[in-house]
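# Secondary and tertiary structure notes
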Amino acid sequence: MKHVTRIQDLGPEGVEAVLSQAAAWKQKDPGAIFPGKLLGMVFFNPSLRTRTSFEAVMLRAGGHAIVLDVGSGVWKLEDRPGAVMNADRAEHIKEASPVLSRFVDMLGIRTFSQGGGDEEDEADPVINAFRKWATVPVVSMESAREHPCQGLADALTLRETFGTTKKLPVTLTWAPHIKPLPKAVPNSFLLSAAAAGCEVRVAHPPGFDLHPAVRAEAEAYAKATGGSITYTHDQDEALVGSRAVYAKSWGPTAQTASTPTDVAALLASYSGWMPTRRHMAKAAKDAAFLHCLPVRRNVEVADEVLDHSSSRVVDEAGNRYHVQRALLAWMRGGV
């Protein structure tokens, strides 16, 4: 039984297999590859692209998706071992996960960071509880630590745009926001790009470091694939000559700010990091712009970047469908 709740479940070889199959099936539809199969999708948090793309995959492939929204028609779920359940969480994942496994062939889980800090996000307690107690394959639809399907879609978009990801110079740049955001998406872009052999430059202000375990994992992938990773606090330096610019906001490390007000002020102080055409002009002439969406226009990214012909954000979102179809097939042993 193959779970995919993190890029580590695939490794560079699995990433390559999924990307190659996604590209092939994008050119020639494989038809009903999941006849009569059910994907149960458990959402702790909102979704637009993830929910729609997974449902579309199952329906077009001859299967069906069942959507469950936690706290809205479904009991609030407890994940903590040994919890005294005397509050509003009426059911434990220890029962919910194996019960759902009796009804469906695969489980998809979407659970954001709960705001407990970098170490809690690294432990990824909710999705790992589902993974521990499920008796069917579990796929991440984003968790506290990673968003692997987004990372795969990013890598497929790079491959389609430039023909290859090997030695491709790409920049992951921090961007401002009105609030601190989780690190799942930047983690997954870094891991996926490294697993695909890119030369990744990561630019962020001081105090916004990604978790050491994520960095170490990415370094191992880069070493295996001939890629590289560099880190800098100089955004302009990272952009020079880059073939792709991936912008994403993420929150500071726990030590950087003590209150929400401090964090908001800190984020505002870096407004100059918002990508504009001035920033893109520092990259290669054929540089593509990527973002996972949703995006706060003129806060996180300028209109002039999102609306420019170099923007690939809609293509990138569309590729969620193709990588997820290939990923589910890989999990079922079909790739």
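Residues numbered from 1 in each chain as written. Predicted model: local features only at pLDDT ≥ 70, side-chain atom pairs only at ≥ 80, totals over all residues. Heavy atoms only, no water.

## Description of the packing of helix α3 (residues 93-101) against helix α5 (residues 125-133)
Packing of α3 against α5 brings their axes to within 8 Å, and their N-to-C directions diverge by 55°. The angle between the axes of α3 and α5 places the two elements in the oblique class. Crossing handedness for the pair α3 and α5: right-handed. For the pair α3 and α5, contact is made by I93, K94, S97, P98 and L100 and by V126, A129, F130 and W133, respectively. Within the contact of α3 with α5, the residues separate by chemical class into seven nonpolar, one polar and one charged. (Axes fitted to C-alpha atoms, helices over the stretch in contact; angles between N-to-C directions. Helix = DSSP H or I, 4+ residues; strand = E, 2+ residues; numbered from the N terminus. Parallel < 35°, antiparallel > 145°, perpendicular 65-115°, else oblique. Left-handed = near helix turned anticlockwise from the far one by under 90°. Contact = heavy atoms within 4.5 Å. Nonpolar A, V, L, I, M, F, W, Y, C, P; charged D, E, K, R; others polar.)

## Quick notes on the sheet that holds strand β7 (residues 169-174)
Read across the sheet, five strands follow the order β9-β8-β7-β10-β11 without closing on themselves; strand pairing throughout is parallel. With one partner strand each, in any of the chains shown, β9 (228-232) and β11 (288-290) form the two edges of the open sheet. Neighbour-to-neighbour, the strand axes of the sheet open up by a mean angle of 20°, direction not taken into account. Bridge count between β7 and strand β8 (residues 199-203): five bridges; the pairing is parallel. Of the residues in β8, the one forming a bridge with T171 is R201. (Pairing = 2+ DSSP bridges.)

## Re the pattern of salt bridges
Side chains carrying opposite charge are able to pair once their charged atoms draw close together. Inspection of the entire model under this criterion finds 21 salt bridges. Salt-bridge contacts for D209 lead to R215; the nearest nitrogen and oxygen are separated by 3.8 Å. You can call D209 partly exposed: its relative accessible area is 28%. For R215, a relative accessible area of 27% corresponds to the partly exposed category. (Salt bridge = Lys/Arg side-chain N within 4 Å of Asp/Glu carboxyl O. Buried < 20%, exposed > 50% of the residue type's maximum accessible area, 1.4 Å probe, protein only.)

## Describing the sheet that holds strand β2 (residues 64-69)
Taken in spatial order, the four strands make up an open sheet running β2-β1-β5-β6, and their pairing is parallel. Both edges of this open sheet fall to β2 and β6 (138-140), since each of them pairs with a single strand only. This sheet shows a mean twist of 20° between the axes of neighbouring strands, independent of strand direction. By the bridge criterion, six bridges tie strand β1 (residues 38-43) to β2 in an arrangement that is parallel. When the sheet's bridge partners are listed, F43 is paired in β2 with D69. Against the sheet, helix α13 (residues 313-331) makes contact with β1, β5 (106-110) and β6, and its axis sits at roughly 150° relative to β6, the strand it touches most.

## Some points on the packing of aromatic side chains
Counting across every chain of the model gives six aromatic pairs. A ring pair is formed by W174 and F208, whose centres lie 4.8 Å apart and whose planes are at 55°; its orientation type is tilted. You can see W174 sitting in strand β7 and its partner F208 sitting in the loop between β8 and α8 (212-225), a full 34 residues away along the chain. When its relative accessible area of 0% is taken as the criterion, W174 is described as buried. Here F208 falls in the buried class, since its relative accessible area comes to 0%. A ring pair is formed by W174 and W273, whose centres lie 6.0 Å apart and whose planes are at 85°; its orientation type is edge-to-face. Taken together, the residues span a long stretch of sequence, with W174 in strand β7 and W273 in the loop between α10 (260-268) and α11 (277-280) at a distance of 99 residues. Both residues of the pair, W174 and W273, count as buried. Counting every residue linked through ring pairs, the aromatic cluster contains W174, F208, Y270 and W273. (Phe/Tyr/Trp six-rings, centres within 6.5 Å; stacked < 30°, edge-to-face > 60°.)

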